[in-house]
Amino acid sequence: MPENLLVAFGLTLLAGLATGIGSMLAFFTSTTNTKFLSWMLGFSAGVMIYVSMIEIFVKAKDALVGSLGQQTGNWLTVAGFFGGILLIALIDKFVPEQGNPHELKKVEDINKSNVRQTDHSLLKMGSFTALAIAIHNFPEGIATFTAALQDPGLGVAITVAIAIHNIPEGIAVAVPVYFATGDRRKAFKLSFLSGLAEPVGAIVAFLILMPFLNDVMFGLIFAAVAGIMVFISLDELLPAAKKYDEGHLSIYGLIAGMAVMAVSLLLFI
């Protein structure tokens, strides 16, 4: 696995930097392509759900059953899966409401604002949103890093899915900060920094988890990663996709994401 370290760090960094892409889109496009955004968010959810349940959960189970036996391994796999869900649910619960990253913004919102003096309430909202997204991104960074470390092909799939869902989060940070200050650079910087929580998660995983990364630890982490990704898909991606939905595009995207992931697993991973 050590030879995959640079690949794992690189993929995690790419996923995190997608928040910066979101803020750039907010500044350099005049309208939000809601149809495309709905489809892509659905696609990302499809990739995450399929790869979590078909690949990551199964790998976790194989590792734990192989190390601890059928009964103990199965129970720990399930415990790790729901433990991951509980972890991300608790993170979500304690995020301040005004900074909740689920409240996505549109690019058009910037053009409706004539604010050019600092509005402290909006600035606070943008800062809370950046903090909330950073908190959400931290476990995603651990998930991407550990997956890429074990299987770079799987890491690429997860990176693509997480990067897609980070783009509207970047918009969610940039819009209120720009409202408050009229400063594109400051809005971009906060958006960019919120995404850096993902590579920070990778560094923490490397420093703390790597020395203990045997089959049992790997199985537990992968089971938790599967749970985290399923929760993110159901709690964040699909509701956001439905918000922008037109004519079931989000569901078509979901099915397309599952199909692409299924073919990828058969051909490349």
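Rules used throughout
Residues numbered from 1 in each chain as written. Predicted model: local features only at pLDDT ≥ 70, side-chain atom pairs only at ≥ 80, totals over all residues. Heavy atoms only, no water. UniProt positions renumbered as here; feature names shortened; annotations may be inferred. Helix = DSSP H or I, 4+ residues; strand = E, 2+ residues; numbered from the N terminus. Expected span 1.5 Å × (residues − 1). Buried < 20%, exposed > 50% of the residue type's maximum accessible area, 1.4 Å probe, protein only. Core = buried A, V, L, I, M, F, W, Y, C linked by side-chain atoms within 4.5 Å. Contact = heavy atoms within 4.5 Å.

Naming follows an unreviewed UniProt entry, where the protein appears as Zinc transporter ZupT of Niallia hominis. In its Subcellular location (unreviewed entry) section, UniProt records this for the protein: "Cell membrane". Word for word, the UniProt comment on the protein under Catalytic activity (unreviewed entry) is "Zn(2+)(in) = Zn(2+)(out)".

Another point: helix α8 (residues 197–209). Between its first and last C-alpha, α8 extends 17 Å over 13 residues, near the 18 Å set by a 1.5 Å rise per residue. Looking only at α8, the buried set comprises Ala197, Glu198, Pro199, Gly201, Ala202 and Ala205.

With that out of the way, let us pick up the nonpolar core. Ranked by internal contacts, the top residues of the largest apolar core, which has 45 residues, are Leu41, Met48, Val51, Ile56, Ile158, Phe222 and Met229. Put simply, the parts of the chain that give this core at least two residues each are α2 (34–68), α3 (70–93), α5 (120–150), α6 (152–181), α9 (215–243) and α10 (249–267). For this core, the element with the highest residue contribution is α9, accounting for 15 residues. Setting aside its immediate chain neighbours within four residues, Met229 contacts Met48, Val51, Ser52, Ile56 and Ile158. Leu5, Leu11, Phe145 and Ala202 belong to the second-largest nonpolar core, a separate cluster that totals 9 residues.

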